[in-house]
Amino acid sequence: MMSHRALSELHFIPVGQTVSAEYYVSEILGKTLMSTMNRKRERGTVVERKMLKNMSRAIFQQDGAPAHTANMTQNWLRSNLKSFWAKGTWPANSPDLSPIENIWSILKDDLDSIGEIKDIKMLENRLKTAWSNISPEVLDKLMDGMPKRIHKCIELSGGYIGK
């Protein structure tokens, strides 16, 4: 998860684990998401501070992965979050719109710069370090670009924003 000022903790899916709706709801939403949404700190590292100063303004958005759009997940979100984009709200195949895609690129560049990674534990540790080192300024810049990206997509589509 990301906002203009903070990141969630990374969640590592165990080797061999399938991300079913059940796993996604219990492990990722129920634990990672909720602990992130309940943070109280105004200051600290990007993985310690509140996602937003006013959490009542938070809107949870996710892509169209099957675990995200499953009825079980959508029902959990309706019951547990004040505001989220329901299935079908976020356009399909729209990686250019999502600022988290830029975060994955930053992580990849960081990993590429350090040389050989010998095992999964080393990879997890390096990812955690790189993730925690993403600055609030980078997050703010990525989120500030959202309106411009959305307007550009609307412009390129000829103004069509219907379903």
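Quantities reported herein were computed from a predicted structural model and do not represent experimental measurements.

Asks: How would you sum up helix α1 (residues 21-37)? Please name residues and give values.
Replies: In this model α1 runs just 20 Å from its N-terminal to its C-terminal C-alpha over 17 residues, more than 12% under the 24 Å that 1.5 Å per residue would give. Leucine 29 marks where α1 bends most, by close to 35°. Contacts made by the buried residues of α1 are with α2 (66-69) and α3 (71-80).

Asks: Tell me what's going on with the environment of methionine 146, and back it up with residues and numbers.
Replies: Assignment of secondary structure puts methionine 146 in helix α7 (residues 146-156). Residue classification places methionine 146 among the buried positions, given a relative accessible area of 13%.

Asks: Which residues make up the confidence of the model for the chain, and what are the values?
Replies: In this model, the chain carries an average pLDDT of 87, and 93% of its residues clear a pLDDT of 70 or more. The least confident element of the chain is α7, whose mean pLDDT is 77; the most confident is α1, at 95.

Asks: Describe the nonpolar core, naming the residues involved and giving the relevant values.
Replies: If you look at the biggest cluster of nonpolar residues, it comprises 18 residues, and the most contacted ones within it are Leu29, Leu33, Phe60, Leu77 and Leu81. Looking at which element gives the most residues to this core, the answer is α1, with 7 residues. Apart from the residues lying within four places of it in its own chain, the contact partners of leucine 29 are Tyr24, Met34, Phe60, Thr73, Trp76 and Leu77. With 14 residues, the next largest nonpolar core counts Met2, Leu107, Ala130 and Leu142 among its residues.

Asks: Describe in detail the packing of aromatic side chains, supporting the description with residues and values.
Replies: Scanning all chains against the criterion turns up 1 aromatic pair. Ring plane angle 20° and centroid distance 5.7 Å describe the contact between tryptophan 104 and tryptophan 131, whose orientation is recorded as stacked. Here tryptophan 104, found in helix α4 (residues 100-112), pairs with tryptophan 131, found in helix α5 (residues 120-132); they are 27 residues apart in sequence, far enough to count as distant. Owing to a relative accessible area of 40%, tryptophan 104 belongs among the partly exposed residues under this scheme.

The rules behind the values
- Residues numbered from 1 in each chain as written.
- Predicted model: local features only at pLDDT ≥ 70, side-chain atom pairs only at ≥ 80, totals over all residues.
- Heavy atoms only, no water.
- Helix = DSSP H or I, 4+ residues; strand = E, 2+ residues; numbered from the N terminus.
- Expected span 1.5 Å × (residues − 1).
- Bend = angle between axes of the 7 residues up to and from the residue.
- Contact = heavy atoms within 4.5 Å.
- Buried < 20%, exposed > 50% of the residue type's maximum accessible area, 1.4 Å probe, protein only.
- pLDDT = per-residue confidence, 0-100.
- Core = buried A, V, L, I, M, F, W, Y, C linked by side-chain atoms within 4.5 Å.
- Phe/Tyr/Trp six-rings, centres within 6.5 Å; stacked < 30°, edge-to-face > 60°.

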